[in-house]
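Read off the chains here:
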Amino acid sequence: MFDAVVIGSGIGGLTCAAALARFGRRVAVFEQHTVAGGLTHTFQRDAYTWDVGVHYLGQMGPGEPLRRVVDWLSGGTIDFAALGAVYDVVRLADGTRFEYARPRAALEAGLREAFPAAHGDVERYLAALDAARSSFSTPFQQRAMPPWLGSAMGRLKAPALKRWWGRTVTEVLRECTSDPRLAAVLSAQWGDHGGKPSRASFAAHAMITDHYLAGAWYPVGGASAFACGLVPVARILLENGRAAGVALEDGTRHEARVVISGVGARGTVSRLLPPEIGQSPWGREVNALEPSFCHTCLYVGLEGDVEAAGASRANHWIYESPDIEAIWDDPFSQARAPALFVSFPSLKDPSRTAGERHHTAEVVAWTDWKVFEPWAGTRWGERPEDYRALRDSLQHSLRAQFEQAFPGLAPMIKLCELSTPLSTVHFTGHERGAVYGLDTTPARFASRALDIRTPVPGLLLTGQDVVTPGVAGALMGGILSAAVMEPRVFTKLPR
């Protein structure tokens, strides 16, 4: 019998398993896909390799808190390369261009220079960021605590939780500035957590900003540095109402003292547990939390000196609509995506760049699951002609937008391939293709239904749903879940 089985080999599941194994626990990890790593895996076409979800990470410099955790988990085998002074470039529809630069002093100076008439607004925003920082860890500490202790902490910290986690990005920014350009620049990174500024908790967004203040990093060798290979799970085994292991799709059963699900709270309730649990108060509360947005991604293969032609290690947030919340929710009538996120992974990885002329770009556009839902029951590789026509149309549009944004790269394009939310569902199992799990609303962070300990004895949750979206959030979710089972892991939490 295993001490624990972990369902899902995304970064949350892998982190949880690695942390438990470091303290001598017998752990098995099970994965539905043939490639482990969830959104930290890579894929290859000819001479080109792309990462499917890792674009940059903060706090990975030598000696930084999150880096110390990763070094402990990996035995120091994962290295990271700095993106450089500038890690994000924002381009607004009115022509405004702003560079997010490290360290914090550089970001502050850049904001003051770009918005000379709004120095007081910048100061108010930075003050809000500093004030929110003191409450960053509170919701996640609660989720790792026994319910009675978590509730007591919630009462003690209620004013800060309400002020920073309980209000949206838009609400807080309205207190800081009346300049719509400044508000747009300060909101532009919302794609890092998948919550529109009018819906997302301010503290969740502030954590993203804070996460990169010291700079951004990329795993040497690509995102697959985090992953390894595993097997599919069909359901969680229950005995007398307690989680007792997992049953695989081929009928094989594996018993364990604890089951840890890293497939998302909604996926756990809807796919792995009996229907009656979905009708329980806990199941209903989990299912009432909405998934975040999904996306399409154009994977581009390039050949030549791409840096000389306009590519960079920094990510590019390109907004073609004055409304930075606009997504590509009706591509049948919208000829172009309202916004793009463009990343050049091959330039970020020094193991790929030395003398290399084959490079990669990823062009992401946020969309709505409803666009693709009509084909949800079809199989990957066997989808009907009308779906393929839509996919080809989206690929053509995104390529045209990419070429317009980076005209020097257009003649270097050798290969393009498009993924849609249906691809995400097939390869990673994310419900409705929502790569960030649950929407980052204040309701999500206030919900105790996302506590690591579930009402099903022996069943724990892990991954980004118990903390925040993204690699760092999922990683910390893994660490906290491991600590709930093995308290010695708490000594490894970043301080």
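For the structure itself, look to the data block above.
Here goes a summary of the coordinates provided. A quick note: this is a predicted structure, and the numbers were derived from the prediction, not measured.

**Some words on the packing of helix H6 (residues 147-156) against helix H7 (residues 158-165)**
Working step 1: Interhelical geometry of H6 versus H7 gives an angle of 75° and a closest axis separation of 5 Å. As far as their axial angle goes, H7 and H6 are roughly perpendicular. In this structure, H6 uses Gly-154, Arg-155 and Leu-156 to contact H7, whose residues at the interface are Ala-158, Pro-159 and Leu-161.
Working step 2: For the contact of H6 with H7, a count of residues per class yields four nonpolar, one polar and one charged.

**Focus on the pattern of salt bridges**
Working step 1: With the rule as written, the count across this model stands at 24 salt bridges.
Working step 2: For Glu-108, the salt bridge identified is with Arg-104, shortest N-O distance 2.6 Å. Taken together, the residues span about one helical turn, with Glu-108 and Arg-104 both in helix H3 (residues 104-114) at a distance of four residues.
Working step 3: The exposure class assigned to Glu-108 is buried, which follows from its relative accessible area of 17%.
Working step 4: Judged by relative accessible area, which is 22%, Arg-104 ranks as partly exposed.
Working step 5: When the shortest N-O distance is used, the salt bridge between Arg-488 and Glu-486 registers 3.0 Å.
Working step 6: Bridged by salt links that share partners, the residues Arg-104, Glu-108, Arg-112, Glu-123, Asp-130, Arg-133 and Asp-210 form one connected network.

**Some points on the packing of H3 against helix H4 (residues 119-133)**
Working step 1: Look at H3 against H4: their axes get within 9 Å of each other, and the N-to-C directions meet at 150°. In terms of axis orientation, H3 runs roughly antiparallel to H4. Contact with H3, carried on its side by Arg-104, Glu-108, Leu-111 and Arg-112, involves His-119, Val-122, Glu-123, Leu-126, Asp-130 and Arg-133 of H4 and no other residues of that element.
Working step 2: Class assignment of the residues belonging to the contact of H3 with H4 gives a composition of three nonpolar, one polar and six charged.

**What to know about the pairing of strand S1 (residues 2-7)**
Working step 1: Counting buried positions along S1 yields five of six residues, so the element is predominantly enclosed.
Working step 2: Judged from the five bridges that link them, S1 and strand S12 (residues 253-261) form a sheet pairing that is parallel. Bridge pairing links Phe-2 to Ala-256 in S12.
Working step 3: In terms of strand pairing, S1 meets strand S2 (residues 27-30) through four bridges, oriented parallel. Considered in S2, the bridge of Val-6 is made with Val-29.
Working step 4: As a crossover connection, the stretch from S1 through helix H1 (residues 11-22) into S2 is right-handed.

**A word on the environment of Arg-26**
Working step 1: With respect to the helices, strands and loops of the structure, Arg-26 is situated in the loop between H1 and S2.
Working step 2: What makes Arg-26 partly exposed here is its relative accessible area of 45%.
Working step 3: Distance in space between the C-alpha atoms of Arg-26 and Val-5 is 8.6 Å, their sequence separation being 21 residues.
Working step 4: Leaving out residues up to four positions away in the same chain, Arg-26 has contacts with Met-1, Phe-2, Asp-3 and Ala-4.
Working step 5: A distance of 2.7 Å separates the side chain of Arg-26 from the backbone oxygen of Met-1, its partner in a polar contact.

**Some remarks on the sheet that holds strand S13 (residues 294-303)**
Working step 1: Across the sheet, seven strands lie side by side as S8-S7-S14-S15-S16-S13-S17; this open sheet has mixed pairing. In the strand order of this sheet, the two ends are held by strand S8 (97-101) and strand S17 (413-419), each with one partner. Between one strand and the next, the sheet's axes are offset by a mean angle of 15°, whatever the strand orientation.
Working step 2: Pairing analysis gives five bridges linking strand S7 (residues 86-91) to S8, with the strands arranged antiparallel. When the sheet's bridge partners are listed, Val-89 is paired in S8 with Glu-99.
Working step 3: Strands S13, strand S16 (358-367) and S17 of the sheet are contacted by helix H18 (residues 421-428), whose axis makes an angle of about 90° with S13.

**A short note on the packing of aromatic side chains**
Working step 1: Within the structure shown, the criterion is met by 18 aromatic pairs.
Working step 2: Ring centres 5.7 Å apart and planes at 50° place the aromatic pair Phe-23 and Trp-72 in the tilted group. Remark: Trp-72 occurs in helix H2 (residues 65-74) and Phe-23 occurs in the loop between H1 and S2; sequence separation between them is 49 residues.
Working step 3: By relative accessible area, Trp-72 is classed as buried at 17%.

**Things to note about empty space enclosed by the protein**
Vacant regions in the atomic arrangement are exposed by a probe of water-molecule size rolled over the atoms.
Working step 1: The full count for this structure, using the stated rule, is one cavity of 30 Å³ or more.
Working step 2: Here the largest cavity is characterised by a volume of approximately 70 Å³.
Working step 3: Every residue along the wall of the largest cavity is listed here: Trp-190, Gly-191, Trp-317, Tyr-319, Ile-324, Ala-339, Leu-340, Phe-341, Val-364, Ala-365 and Trp-366.
Working step 4: When its residues are assigned to classes, the lining of the largest cavity shows 10 nonpolar, one polar and no charged.

**Quick notes on the side chain of Gln-189**
Working step 1: Looking at the secondary structure, you find Gln-189 in the loop between helix H9 (180-187) and helix H10 (202-211).
Working step 2: When near neighbours in sequence (up to four residues on either side) are disregarded, Gln-189 contacts Tyr-56, Tyr-87, Asp-88, Tyr-100, His-205, Thr-209 and Trp-317.

**Regarding H4**
Working step 1: Relative to the 21 Å expected for 15 residues at 1.5 Å per residue, H4 spans 21 Å between its end C-alpha atoms, a close match to the ideal helical length.
Working step 2: Of the residues making up H4, those classed as buried are Asp-121, Val-122, Tyr-125, Leu-126, Ala-128, Leu-129 and Ala-132. End-on, the buried residues of H4 take up no more than an arc of 155°, which puts them together on one face.
Working step 3: Summarising the contacts, the buried residues of H4 are in contact with H3, H7, helix H8 (169-176), H9 and H10.

Conventions and cut-offs
Residues numbered from 1 in each chain as written. Predicted model: local features only at pLDDT ≥ 70, side-chain atom pairs only at ≥ 80, totals over all residues. Heavy atoms only, no water. Axes fitted to C-alpha atoms, helices over the stretch in contact; angles between N-to-C directions. Helix = DSSP H or I, 4+ residues; strand = E, 2+ residues; numbered from the N terminus. Parallel < 35°, antiparallel > 145°, perpendicular 65-115°, else oblique. Contact = heavy atoms within 4.5 Å. Nonpolar A, V, L, I, M, F, W, Y, C, P; charged D, E, K, R; others polar. Salt bridge = Lys/Arg side-chain N within 4 Å of Asp/Glu carboxyl O. Buried < 20%, exposed > 50% of the residue type's maximum accessible area, 1.4 Å probe, protein only. Pairing = 2+ DSSP bridges. Right-handed = clockwise from strand over helix to strand, strands pointing away. Polar contact = N/O pair within 3.5 Å; in protein donor to acceptor, adjacent residues only side chain to side chain. Phe/Tyr/Trp six-rings, centres within 6.5 Å; stacked < 30°, edge-to-face > 60°. 1 Å grid on protein atoms, 1.4 Å probe; cavity = no way out; pocket = protein on both sides within 12 Å on 5 of 7 lines; lining within 4 Å. Points joined across faces, edges and corners; volume = space filled by probe spheres on them. Expected span 1.5 Å × (residues − 1). Arc of directions from axis to C-beta.

Just distances and angles here, no functional claims.
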